[in-house]
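So the chains spell out like this:
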Amino acid sequence: MTTNSLTADDLGSAAQRDRRRRILDATVALASKGGFDAVQMRTVAEQADVALGTLYRYFPSKIHLLVSALARQFDDTQGIVGRKPIPGETPDERVIYVLKRATRGMQGDPNLTEALTRAFMFADASVASEIHVVGMQLTTMLTRAIKGEEYVEGEAPSDEDIAIARVVSDVWLSALVSWVTGRAGAEEVGDHIETAVRLLLRPR
């Protein structure tokens, strides 16, 4: 059994990629209805119409599965954000726009967000590959916002890009955890993110 989830790039046939898509679709549907606890491997397999052993070959655990679903959510967000120029005259304005848009989308489906956020929190070293994918998606999304029209599609982020994206991502995910656990309201989360981004990216 593999210790990492199989990505779409790992799969050689259209049928395999379709099977992976169905598995992630089933995961998201179950999480949207009942949150983290509703996502059970056997139930996912049944809903995706795959054998349980097949599911485990694609995703070694529930945490691998949910973090991979989170990666797909960010990939979808990137696709939307990348279609046209990001509003804002300065890097902090553009980053705030992107994060608030992503946050509103996640807050619109609280059960799913609870499941994905909890999985991200619980992920250990065995899920490092999936966590890396999520981190690079966030880095790309935030670097695109920081650089604006100067962003070059496919260009490798610099060490500074990665460092800034990591700090912003940590603040954002921490704010989402506060919202998921009921320690902060939606408006408070938005204000916290905006304050952190402006402090980090404001012109000097």
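Scroll up a little and you will see the structure.
Small disclaimer: the values here were computed from a predicted structure and weren't measured. Every chain is numbered on its own, with residues counted from 1 as its sequence reads. For a predicted model such as this one, the threshold for reporting local features is a pLDDT of at least 70, and the threshold for listing and counting side-chain atom pairs is 80 or more; totals across whole chains, interfaces and linings nevertheless cover every residue. Side-chain numbers come from the whole structure's heavy atoms, not from hydrogens or water.

### A word on the overall build of the protein
Then, in step 1: By the criteria applied, helices consist of DSSP H or I runs no shorter than four residues and strands consist of E runs no shorter than two, each listed in order from the N terminus. Looking only at helices and strands, the protein has nine helices and zero strands in total.
Then, in step 2: Across the protein, helices and strands are ordered from the amino to the carboxyl terminus as α-α-α-α-α-α-α-α-α.
Then, in step 3: C-alpha atoms define the radius of gyration in this analysis, and the globule rule sets the expected value at 2.2 Å times the number of residues to the power 0.38. A globule of 204 residues ought to have a C-alpha radius of gyration of about 17 Å, and the protein, at 17 Å, matches this closely.
Then, in step 4: Seen through its C-alpha atoms, the protein measures out along the principal axes to roughly 55 × 40 × 30 Å.

### Observations regarding the environment of L55
Then, in step 1: Along the chain, L55 turns up in helix α3 (residues 52-58).
Then, in step 2: Assessed through its relative accessible area of 0%, L55 is described here as buried.
Then, in step 3: In the structure, L55 is positioned 15 residues away from Q40 in sequence and 11 Å away in space, judged by C-alpha atoms.
Then, in step 4: Throughout, a residue-residue contact means that at least one pair of heavy atoms, one from each residue, lies within 4.5 Å. In contact with L55, not counting residues within four places along its chain, are I23, M41, V44, A45 and V50. For every residue, the accessible area (1.4 Å probe, protein chains only) is compared with the maximum for its type, and the residue is labelled buried under 20%, exposed over 50%, or partly exposed between those bounds.

### Section: the packing of helix α1 (residues 14-34) against helix α6 (residues 110-122)
Then, in step 1: Lines fitted to the C-alpha atoms define the axes, with helices restricted to the stretch that makes contact. Angles between their N-to-C directions range from 0 to 180 degrees. Closest axis-to-axis distance for the α1/α6 pair is 6 Å, and the angle between their directions is 110°. With respect to α6, the axis of α1 lies roughly perpendicular. Relative to α6, the crossing made by α1 is right-handed. Contacts between α1 and α6 involve V28, A31, S32, K33 and G34 from the first element and N111, L112 and A115 from the second.
Then, in step 2: By the convention adopted, Pro, Cys, Tyr, Trp, Phe, Met, Ile, Leu, Val and Ala count as nonpolar, Lys, Arg, Asp and Glu as charged, and the other residues, Gly among them, as polar. Grouping the amino acids of the contact of α1 with α6 by side-chain chemistry returns four nonpolar, three polar and one charged. An angle counts as roughly parallel when it lies under 35 degrees, as roughly antiparallel when it exceeds 145, as roughly perpendicular when it falls between 65 and 115, and as oblique in every other case. Helix crossings fall into two classes, left-handed where the near helix is turned counterclockwise from the far one by less than a right angle and right-handed where it is turned clockwise.

### Section: unusual backbone geometry
Then, in step 1: In this structure, D49 is a non-glycine residue whose phi angle is positive, near 60°.
Then, in step 2: Relative to the helices and strands, D49 is located in the loop between α2 (41-48) and α3.

### Considerations on the environment of K62
Then, in step 1: Here K62 lies in helix α4 (residues 62-81).
Then, in step 2: Sequence separation between K62 and Q40 is 22 residues; the distance between their C-alpha atoms is 7.1 Å.
Then, in step 3: Two N or O atoms form a polar contact when they lie within 3.5 Å of each other; inside protein one atom must be a possible hydrogen donor and the other a possible acceptor, and for residues adjacent in sequence the pair counts only when both atoms belong to side chains. A polar atom in the side chain of K62 sits 2.8 Å from the backbone oxygen of F36.

### Comments concerning the packing of aromatic side chains
Then, in step 1: Only Phe, Tyr and Trp rings are paired, with Trp represented by its six-membered ring, and only when their centres lie within 6.5 Å; those with planes under 30 degrees apart are stacked, over 60 edge-to-face, the remainder tilted. For the structure on display, the rule yields two aromatic pairs.
Then, in step 2: Consider the rings of F36 and F122, whose centres lie 5.6 Å apart with planes at 80°: the pair is edge-to-face. Pair noted here: F36 is in the loop between α1 and α2 and F122 is in helix α6, with a separation of 86 residues, a long-range link.
Then, in step 3: Plain terms: the ring middles of F74 and W172 are 5.5 Å apart, the flat faces sit at 40° to each other, and that makes the pair tilted. Of this pair, F74 sits in helix α4 while W172 is found in helix α8 (residues 159-180), placing the two residues 98 residues apart along the sequence. With respect to burial, F74 and W172 carry one shared label: buried.

### Things to note about α6
Then, in step 1: Every helix has an expected span of 1.5 Å times one less than the residues it contains. Taking 1.5 Å per residue as the helical rise, α6 with its 13 residues ought to reach 18 Å, and the 18 Å between its terminal C-alpha atoms agrees with that figure.
Then, in step 2: All of the buried residues along α6 are L112, T113, E114, A115, L116, T117 and A119.
Then, in step 3: In the core, the buried residues of α6 are packed alongside α1, α4, α5 (91-107) and α8.

### Side note on the nonpolar core
Then, in step 1: Counting residues in hydrophobic clusters, the biggest one holds 57 residues, and the most contacted among them are I23, V95 and W172.
Then, in step 2: Among the elements that make up this core, the one with the highest residue count is α4 (nine residues).
Then, in step 3: Not counting residues up to four positions away in its chain, the partners in contact with I23 are V44, A48, V50, L55, Y58, F59 and L65. Residue types Ala, Val, Leu, Ile, Met, Phe, Trp, Tyr and Cys, when buried and joined through side-chain atoms within 4.5 Å, form a set referred to as a nonpolar core.

### Observations regarding the pattern of salt bridges
Then, in step 1: Each salt bridge in this description consists of a side-chain nitrogen of Lys or Arg and a carboxyl oxygen of Asp or Glu lying within 4 Å of one another. Tallying each qualifying case throughout the model produces eleven salt bridges.
Then, in step 2: The salt bridge partner of R198 is D92, with a shortest N-O separation of 2.7 Å. Pair noted here: R198 is in helix α9 (residues 186-201) and D92 is in helix α5, with a separation of 106 residues, a long-range link.
Then, in step 3: We classify R198 as partly exposed; its relative accessible area is 32%.
Then, in step 4: Note that R198 is salt-bridged to E194, the shortest N-O span being 3.2 Å. One end of the pair is R198 and the other is E194, both in helix α9 and four residues apart, which spans about a single turn.
Then, in step 5: For E194, a relative accessible area of 22% translates into the label partly exposed.
Then, in step 6: When salt bridges that share partners are traced, they join D18, R21, R22, D25 and R72 into one network.

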